[in-house]
Amino acid sequence: MSDIQTDVLVIGTGPAGSAAAALLSSYGVENMAINRYRWLANTPRAHITNQRTMEVLRDLGRDVEDEAYLFATHQDLMGENVFCESLAGEEIGRMTAWGNSPQSKAEHLLSSPTMMNDMPQTLMEPLLFKTACKRGTQARMSTEYLSHEQDEDGVTTTCRDRLSGKDLTIRSKYLIGADGGKSLVAEHAGLPFDGKMAVGGSMNIHFRADLTKYVAHRPSVLYWVMQPGADVGGIGMGLVRMVRPWNEWLIVWGYDINQDAPDVDAEMATNVARQLVGDPDLEIELLSANTWTVNNYYATRTSEGRVFCMGDAIHRHPPSNGLGSNTSIQDAFNLAWKLAMVLNGTAGATLLDSYDAERAPVAKQIVTRANKSIGETKPIFDALGMTEGVKPEEMQKSLEARGDATPEAEAQRAALRAAIAHKKYEFDAHGVEMNQRYRSGAILAEDQQEPPFEKDAELHYQPTTWPGARLPHAWVYTHETGEPLSTLDLCGHGRFTILTAIGGERWADAARAVGDRLGIEIAAHVIGPRRPHVDHTGNWAALREVSDSGCLLVRPDHHVAWRRHAMTDDPEGDLTAAMKTILAL
Ligand code: FDA
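Residues numbered from 1 in each chain as written. Predicted model: local features only at pLDDT ≥ 70, side-chain atom pairs only at ≥ 80, totals over all residues. Heavy atoms only, no water.

1. Some thoughts on the sheet that holds strand β11 (residues 193–208)
Right, on to step 1. Spatial strand order, β5-β4-β12-β13-β14-β11-β15-β18: eight strands in an open sheet with mixed pairing. For this open sheet the edge positions go to β5 (91–96) and β18 (315–316), each flanked by a neighbour on one side alone. (Pairing = 2+ DSSP bridges. Helix = DSSP H or I, 4+ residues; strand = E, 2+ residues; numbered from the N terminus.)

Listed below in structure tokens is the structure:
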């Protein structure tokens, strides 16, 4: 007999585990989350928070979303991505990043009701964890996962209570391994991986210092310092990252992975900070220092039986593109509603197979992108003549030649501009963040052709209601008060939703009837004049890709599961068949 029972045991309270627990509790699933430490993230690792993640927070509740904006640094202060010789030294180039260029800003505004922002992990984790605990998650800190065994009915997990030193067992119906980049759960579950761990070494130096005079006129989260000799290790150059504007910072500095990780003491940290800031007298208040490795490693299968892994446990990659915590939270959004429906008996267990089918390709995609982005820094170095093997004095000469009126210097300036502009694939890759289209048993695309991407799919989000894609956002207005609501706001919250328009009322009737029969709530919205929600601008009609009498069936995680272009002869029969397939009934 196990010491403790719960429906879902979550190992880890990082972004993945806390988000999973918060969502499960919001959906009414009994769950427990454990963390081997006694508190949450103590360093501000992840920070770039993309629109898709903010949509998950918004789905958790407007209170959760609002609190995130309250803590986060606003998107307006994120964008001037600077390349310089040092913060005090000469600026080499700049790209406007993270949805701040006028073109990209428009795309962001059109794509989502939410805004990208900068929210350090030290603030994101407590928000998600607090939401989980407030809504019912049993949290157990100082509790370390040791091993698990699964059988037909559930999983028995052995943990160590680090306060008493005693082992305990927890029996759950499902186990979530959200235990980070050294996941024991993934290892014990035997998940297969591709790629390589530890392809580079980096150190973080977290400190306080008022750097306003160097940065406030070019507000950014990232200041890239390119100095001869600074190109060691994974990231490729020294990075000064804003944690809070403009007095809390994190320096990321590479070390040679073939050597032992350095011991970063206060003296070394101060020296590195002085060098990158370019102020030999700079005093810093060192908050922490640690080393980490750059990985290129992803699970090709994300679950085994009743054990599901998410977050860094299944995708391990460098911070380029700022995808780690974002993808971890989005993994949780994909799995939580499925577990909820299987546990309450309204879906068949094979619905859970779709987690692997849908998220394993995302793991591969983001690990590959993040590592590619590191490689795409090289042309900047090349343009500056800072190529491996060249002596620092030669590099310095080449840097200085940039201002010369010579054909070589003109070519160098052009090459530098092109190399920096190409970094939009790292710093403004809206498509990477928003374009995921799922293919699985929980999506019924039937014979409908996938619309090809008209622009670069990594840079630009392309809305479509093709089954598998995320529901496009458009503002619609409540008939009563005129309040704007996103189409995404009409969906989610753990429920399936039917969206239709005038002439599609029978889909709404079908949603009620099918919901009653299957024992689930299927929300239904008829959007149109004199209906509860009105598409005054016509923006929704332009995006929905079905006629007024057609319908979209949207999953709790905002992805379109099925659609019909127009009213059919038997909407109830058609919806019943679709729901049964999607829910594996
Ligand atoms: P995470 O490692 O955060 O959490 C794992 C949890 O499991 C912890 O609670 C841990 O204590 C617990 N645990 C581990 N083993 C256990 C055991 N045996 N028993 C019990 N508990 C156990 N991402 C992003 O989206 N945007 C960004 O801008 C950045 N930037 C960034 C910068 C830097 C410098 C770094 C190093 C990383 C980033 N990231 C990022 C990546 C991001 O930090 C990372 O992807 C997420 O923290 C992953 O979240 P997880 O919850 O999966 O693991």
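Structure shown, so let's carry the discussion forward.
2. A look at the environment of Leu-471
Right, on to step 1. The residue Leu-471 is located in the loop between α15 (430–434) and β19 (475–478) in this model.
Right, on to step 2. When near neighbours in sequence (up to four residues on either side) are disregarded, Leu-471 contacts Thr-487, Leu-488, Cys-491, Leu-499, Trp-540, Leu-552, Val-554, His-558, His-559 and Val-560. (Contact = heavy atoms within 4.5 Å.)

3. Some remarks on the pairing of strand β25 (residues 560–564)
Right, on to step 1. Summarising burial for β25: four of the five residues are buried, a large majority.
Right, on to step 2. When strand β24 (residues 551–554) meets β25, the two strands line up antiparallel, connected through four bridges. Residue pairing in the sheet places Cys-551 in a bridge with Arg-564 of β25.
Right, on to step 3. In textbook terms, the turn of a hairpin is the stretch between consecutive antiparallel strands, and for β24 and β25 this stretch comprises five residues, one of which, His-558, has a positive phi near 75°. (Buried < 20%, exposed > 50% of the residue type's maximum accessible area, 1.4 Å probe, protein only.)

4. Digging into the nonpolar core
Right, on to step 1. Residues Ile-176, Trp-562 and Met-579 are the most contacted members of the largest nonpolar core, which totals 84 residues.
Right, on to step 2. It is helix α9 (residues 324–343) that provides the largest number of residues to this core, a total of ten residues.
Right, on to step 3. A domain-level breakdown of this core finds at least three residues from each of domain 1 (4–72 + 119–192 + 300–372) and domain 3 (436–582).
Right, on to step 4. Not counting residues up to four positions away in its chain, the partners in contact with Ile-176 are Val-8, Leu-9, Val-10, Ile-11, Ala-20, Leu-24, Phe-308, Met-310, Leu-335 and Leu-339.
Right, on to step 5. In this structure, Leu-87, Met-226, Tyr-255 and Leu-416 belong to the second largest nonpolar core, which totals 57 residues. (Core = buried A, V, L, I, M, F, W, Y, C linked by side-chain atoms within 4.5 Å. Domains from an automatic or database assignment.)

5. Brief notes about the pairing of strand β12 (residues 222–225)
Right, on to step 1. With burial as the criterion, each face of β12 is covered, one bearing Leu-222 and Trp-224 and the other bearing Tyr-223 and Val-225.
Right, on to step 2. Direction of pairing for strand β4 (residues 80–84) relative to β12: parallel, over a ladder of three bridges. Residue pairing in the sheet places Val-82 in a bridge with Tyr-223 of β12.

6. Describing the pattern of salt bridges
Right, on to step 1. According to the stated counting rule, one finds 40 salt bridges in the structure shown.
Right, on to step 2. The partner of Arg-218 in a salt bridge is Glu-91, with the nearest N and O atoms 2.9 Å apart. Taken as a pair, Arg-218 in the loop between α7 (212–215) and β12 and Glu-91 in strand β5 lie far apart in primary sequence, 127 residues in all.
Right, on to step 3. Exposure remark for Glu-91: the relative accessible area of 25% places this residue in the partly exposed category.
Right, on to step 4. For Glu-446, the salt bridge goes to Arg-564, with nearest N and O atoms at 3.0 Å. One end of the pair, Glu-446, is in the loop between α15 and β19; the other, Arg-564, is in strand β25, with 118 residues separating them in the sequence.
Right, on to step 5. Taken together, the shared-partner salt bridges connect Arg-58, Arg-62, Glu-65 and Asp-489 into one network. (Salt bridge = Lys/Arg side-chain N within 4 Å of Asp/Glu carboxyl O.)

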